[in-house]
Amino acid sequence: MRIRKTSLLFGLSCLIVFGCIVLLLGKNKNLAGDDQNDVDDLEKKVKKLEQDLKRNYEIVQKIGKSVSDLLKDSPTQDEDPLKDKIIQPVLKNLVGSSAANDCSFVEKLPLEPNVQMLHVYSKLKFDNPDGGVWKQGWDIQYDESQFSAQNKLKVFVVPHSHNDPGWIKTFQKYYEDQTRHILNNMVRKVGEKDNRKFIWAEISYLDFWWKESDQESRDKLKQLVDNGQIEIVTGGWVMNDEANTHYYAMIEQLTTGHEWLKQKLGFSPTNGWAIDPFGMSSSMAYLLKRSGLENMVIQRVHYAIKKAMSAKKNLEFRWRQNWDRDGQTDMLCHMMPFYSYDVPHTCGPDPKICCQFDFRRLSSSGQSPIHCPWKVPPQPITNVNVEKRASLLLDQYRKKSTLYKTNVLLVQLGDDFRYDTAAEFDQQFINYQKLFDYMNSRSDWFVEAQFGTLKDYFDSLRANVAQSVESFPSLSGDFFTYADIDDHYWSGYYTSRPFYKQLDRVLESYLRSAEIIYSMTWSHLHRQSTVPERFRSWMSRMMALLSEARRHLSLFQHHDGITGTEKDHVVQDYAKMMQTAIQGSQTIIQQCAHFLLHPAQANLEPQLNTRHFLVDDEYSKPNELPRKSLIRLQDAKRVVFYNSLASERVQVVTLRISEYNVEVMNEKSEPIKVQVSPVFITSHQLSPEEFDISFVISVSPLGMSTYTIRKFVGTTQENTNLNVARVVVRDFRSIDSVAPFTVDVKDRLDAFTLENSNLKASFDSNGLLSAISHGGRETASVSIQFVHYGTRRGNEPKSGAYLFLPDGPGRVVESSAEENGVRIVEGSIRSQVVVTLPLVVHQVTLHRSPGIDGVHLDIDNLVNLSGQTNLEVAMRLVTNLDSGTAFYSDLNGLQMTRREKWEQLPLQAQFYPMPAMAYIEDSATRITLATKQPLGVASLSSGQLEVMLDRRLNQDDNRGVGQGVLDNVIPTLNSFRLLVEPRIASCKGSHGGRRPDGYPSLSAHRSLHGLLYPVHQLVADNQDDSPEKLHDNFKPALSPSGSDIHVVNLRTGTQLPDDQAVEPSSSSVSLVLHRLGFDCCFPPSGLVVSNNLADNNNNNEGEFSLDRLFPDYFGNRVRSMSLTSLQHQGPDIEKSFTIALRPMEIYTFELQP
């Protein structure tokens, strides 16, 4: 929107002056009364007014400069509308206008794209007729007259090598065996000729190579990048999976790679490259767009979708987010049309011909032989055969070009771990150059062929359409679930190895918490004019731990990492790295907490090897559940609770302790209510030495609060603040009671209920959930079943790490009363029902809490598939909701998208990724399930939601990993939160009309964040530095960020000097914010209402104040950046400005420590 600068400045000046006068008069109502003769007082007030006007003039001048900068940065009509659509926050001075109403955003329909994937799916038959040489397509024909001297075919052949950072071999083993040689030869051989090009994606490998290379090799790589012969594409640490990953980790792996590129090569990627992830998420397109990239290439999309898009020449499109209201998220995307990214499937539709132009397969290569499956080998190009060979290849190029709107053609030339010898570089470059030279010499062929990079291709493509990228269709939606052939749907990897999928989320939580508290500490130290050397050294050593944790998390985002599709020893290698990263993050958290709570920081001598606190549970082994920390209570113990969220948390916490008769004091030394519950060693034996205590805590935004636990002097009857849980067990064996508990053993149970002030949960006689009512509203029938699947029999293809190929519908796990044990532990603060079933120990927890945990039920499933053969187990919610064929699942925790049960697709195609959340709804109720680990989800019948839990498979599914999935961790924990929300009557929200976009409620957002980012418990451990010396709390925020604004990260930049230890950046801390989109039709129950909230239905409309969140931290200058902090976007602003953030958008701001 254009702004008339003079009008804006005049209006702002008038408002400010008028406001000051009103404020002055308002404060001096008696100026004309009794104090009228007090001239001195009047003169002081007039002088004060003059000073205020002067300050406001200065503010207006700064606003004027900001407006000028904005106008300078505004794109002109001649500029590329895709390239320069930067999503800016609305910068608001304190007298500015309000942002758009939160609820109207959700009620307003998204911008209608040219192609909506839901509509595409509804129309496709998903049949698979034989298309001839292009098996999944058709016999492509073309008219030679479409090519002319004015309309030449421009071919860009892009050499590449796809290097998995772990799959069959570990990351390091791949580097030592292959990638080292690829990179060495890339730098040497590409540099031999100016017309040679190459692209590289995985920065993790580039970092390995850089560390062991000499300066001459480093300089040579930088030169080749600078002159455009080598292009770094995407620039992520890995080529991440797009189904199971959470957007926090996706941003982190991009940021880690981009930070390396900026410092080592001075390079900013502009083109994305995702050729191997097993299905494509629109969230990735958004994150790349926000990171400053302009174009992207994708490959693994369902063959039927590729065929349909090829038929309409829609393989190049503007990928638009489902929530987009104005087209600002459009990202130019190129989809590869054929089966694979290898050479036989990239030059054109006939793999038999294309394979003949993979010169690595020459029999004379002297390398390990790779043969063409079609039994026609390549031929070296000579003067004798060049015309015939060039004509044959050009025919394929022309046929492929007919699938696209322009005559600019992209042809990939590479495969997994290709170009690992100098000979292969020569074979490909020399033979192809002969072909290019001949093609280009034939003026009657109307072709220009050359080696190129993605930048070369997209620059030519944009020039071909005269910068009018609007000629490409807009497309909204995602590309799940992927199938490569027949009915072979890749929905198995959504769940494979769920133990390590949850370990990923645990690491994300610890790393995020460590990042935030580290950055707060770094800013705190910068209050001094110079940071003392002892603190700088201490922070540098912690930055080494932080950098290592970032890289370990980033590595696991690889599309053969978090997917669970790697060899057993490789996943163990990843797990060890994640365990190390968790432990390093715990060290940072406890070190920084000790510093921030210390009353004499200036005199502190920090010692990294000193453990001041025990942080949470102990992750001692990478393939076992963590060991619950036991607080041994001799003297009083202080426990510090650290909240990494930017909103106040009021919730129940449960600690394991060695005494049961205890009292708990809050930070004001006031006793609070506490519940003690038994710890079961086995299903029928209580521990006499360990107990669980539960109590309600309150922790400020990004803050810490201390609670003290001590033995109670007196009996449990005299301890009026102690509640002893009631224990009921359905069992056929006797169970000995342990003080202070009495165990009521029964051979049968009646149906029963557990309730708090928000909800009532009903259970059947077998201990399984049957119904939930919320706030006295109508009861929703919600029952839980466990079902299992087998795999296909005989010689049919079978399920494996990638594929889900079931032998029919899921069958309910049946159990007899003897093997179906039930345990009920009911207390005044926390109640639990534990049911032992075949394959699963199922636990439901209800909290009596005023916070968000009092609104949902916690569900934990311990799955044990030991001894099973080809078995997959799922949890199914069966409800009375009239949800029809639709449900909603998330994409990477960033957005919700509508899913449908398509009648033309098999059962395995009905499962979709659930990285964080799914819900079903009807006109009256919504049922949301949040998950702590990514899993597969489906709604196979109206009112049902089914989540896979674990899978054990005996065979390989022929997708390359060469093994089954038999290394299940026993037991594997799956954790969920179940939320039943009644819809406000007559509220429309996002429900109805088959809309593709969905939005959780505010309560669902907060519930998910609580699950993913739990409060950390820090138990004082250091006897030398008595914890009594520490402050009781740390409250950095003046007010919360707002219920709909999530602090994704607060990340201190890393200095990466060559051949030296890493250091924290002294100039850059990145604050990443996500303005949540939420459905207003559900009351925000369980939220701590801040001053920003006018009432329960209105939020702060996205207005964010850095001054109020960080009043005493970080410098005055704030800079708007691209997502990964590579590029400046917009003018600098002051910390005092209020920023209005657009719903659903993610922003990065660079702060000064």
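Residues numbered from 1 in each chain as written. Predicted model: local features only at pLDDT ≥ 70, side-chain atom pairs only at ≥ 80, totals over all residues. Heavy atoms only, no water.

(A) Focus on the pattern of salt bridges. This model, assessed by the stated rule, comprises 70 salt bridges. Residues Asp-504 and Arg-505 are paired through a salt bridge, measuring 2.8 Å at the closest nitrogen-oxygen approach. Taken as a pair, Asp-504 and Arg-505 share a single burial class, namely buried. Taking the shortest distance from any N to any O, the salt bridge between Glu-826 and Arg-726 comes out at 3.2 Å. Here Glu-826, found in strand 30 (residues 821-826), pairs with Arg-726, found in strand 23 (residues 726-730); they are 100 residues apart in sequence, far enough to count as distant. Since its relative accessible area comes to 25%, Glu-826 is described here as partly exposed. Taking relative accessible area as the criterion, Arg-726 reaches 46% and is therefore assigned partly exposed. One continuous salt-bridge network, built from bridges that share partners, spans Asp-358, Arg-360, Arg-361, Arg-418 and Glu-424. (Salt bridge = Lys/Arg side-chain N within 4 Å of Asp/Glu carboxyl O. Buried < 20%, exposed > 50% of the residue type's maximum accessible area, 1.4 Å probe, protein only. Helix = DSSP H or I, 4+ residues; strand = E, 2+ residues; numbered from the N terminus.)

(B) Local environment of the nonpolar core. Tyr-397 and Phe-479 are the most contacted members of the largest nonpolar core, which has 277 residues in total. The greatest single-element share of this core, amounting to 15 residues, is contributed by helix 17 (residues 568-597). Once you skip the residues sitting within four places of it in the chain, Tyr-397 turns out to touch Leu-153, Val-155, Val-157, Cys-347, Leu-409, Val-411, Tyr-432, Phe-436 and Met-439. With 32 residues, the next largest nonpolar core counts Ile-672, Val-674, Phe-680 and Val-825 among its residues. (Core = buried A, V, L, I, M, F, W, Y, C linked by side-chain atoms within 4.5 Å. Contact = heavy atoms within 4.5 Å.)

(C) Highlighting the pairing of strand 50 (residues 1128-1134). Bridge count for strand 49 (residues 1117-1121) against strand 50 is four bridges, and the pairing is antiparallel. Among the inter-strand pairings, Arg-1119 is bridged to a residue of strand 50, identified as Asp-1132. Between strand 49 and strand 50, which pair antiparallel in sequence order, lie six residues; one of them, Ser-1125, sits at a positive phi of approximately 65°. (Pairing = 2+ DSSP bridges.)

(D) Spotlight on empty space enclosed by the protein. In this structure the tally under the stated criterion is 18 cavities of 30 Å³ or more. Of the volumes computed, that of the largest cavity is approximately 170 Å³. Lining the largest cavity are 22 residues, with Gly-893, Leu-894, Pro-1000, His-1005 and Leu-1008 sitting closest to its centre. Listing elements by their share of the lining of the largest cavity, those giving two or more residues are strand 36 (895-900) and helix 18 (1002-1012). (1 Å grid on protein atoms, 1.4 Å probe; cavity = no way out; pocket = protein on both sides within 12 Å on 5 of 7 lines; lining within 4 Å. Points joined across faces, edges and corners; volume = space filled by probe spheres on them.)

(E) Here's a closer look at the packing of helix 5 (residues 171-190) against helix 13 (residues 422-441). One can describe the packing of helix 5 onto helix 13 by two numbers: an axis separation of 9 Å at closest approach and a directional angle of 45°. Regarding the angle of helix 5 to helix 13, the classification is oblique. Like other packed secondary-structure pairs, helix 5 and helix 13 cross with a definite hand, here right-handed. Residue-level contacts link Ile-182, Asn-185, Met-186, Arg-188, Lys-189 and Val-190 of helix 5 to Ala-422, Phe-425, Asp-426 and Phe-429 of helix 13. Split into classes, the residues belonging to the contact of helix 5 with helix 13 amount to six nonpolar, one polar and three charged. (Axes fitted to C-alpha atoms, helices over the stretch in contact; angles between N-to-C directions. Parallel < 35°, antiparallel > 145°, perpendicular 65-115°, else oblique. Left-handed = near helix turned anticlockwise from the far one by under 90°. Nonpolar A, V, L, I, M, F, W, Y, C, P; charged D, E, K, R; others polar.)

(F) Molecular detail of the sheet that holds strand 12 (residues 474-476). Pairing in this open sheet of six strands is mixed, and the strands run 2-12-8-9-7-6 from one edge to the other. Across the chains shown, the open sheet's two edge strands, defined by having one partner strand only, are strand 2 (115-116) and strand 6 (271-274). Bridge count between strand 8 (residues 316-320) and strand 9 (residues 331-335): four bridges; the pairing is antiparallel. In the strand pairing of strand 9, Phe-317 is matched with Cys-333.

(G) Local environment of helix 18. For helix 18, a buried count of eleven out of eleven residues is recorded, marking the element as mostly surrounded by other parts of the structure. Along helix 18, the positions that sit buried rather than exposed are Leu-1002, Ser-1003, Ala-1004, His-1005, Arg-1006, Ser-1007, Leu-1008, His-1009, Gly-1010, Leu-1011 and Leu-1012. Where helix 18 is buried, its residues meet helix 15 (498-525), strand 16 (649-657), strand 38 (917-921), strand 39 (925-931), strand 42 (972-982) and strand 46 (1045-1055).

Bear in mind that shape data such as this cannot, by itself, settle questions of function.
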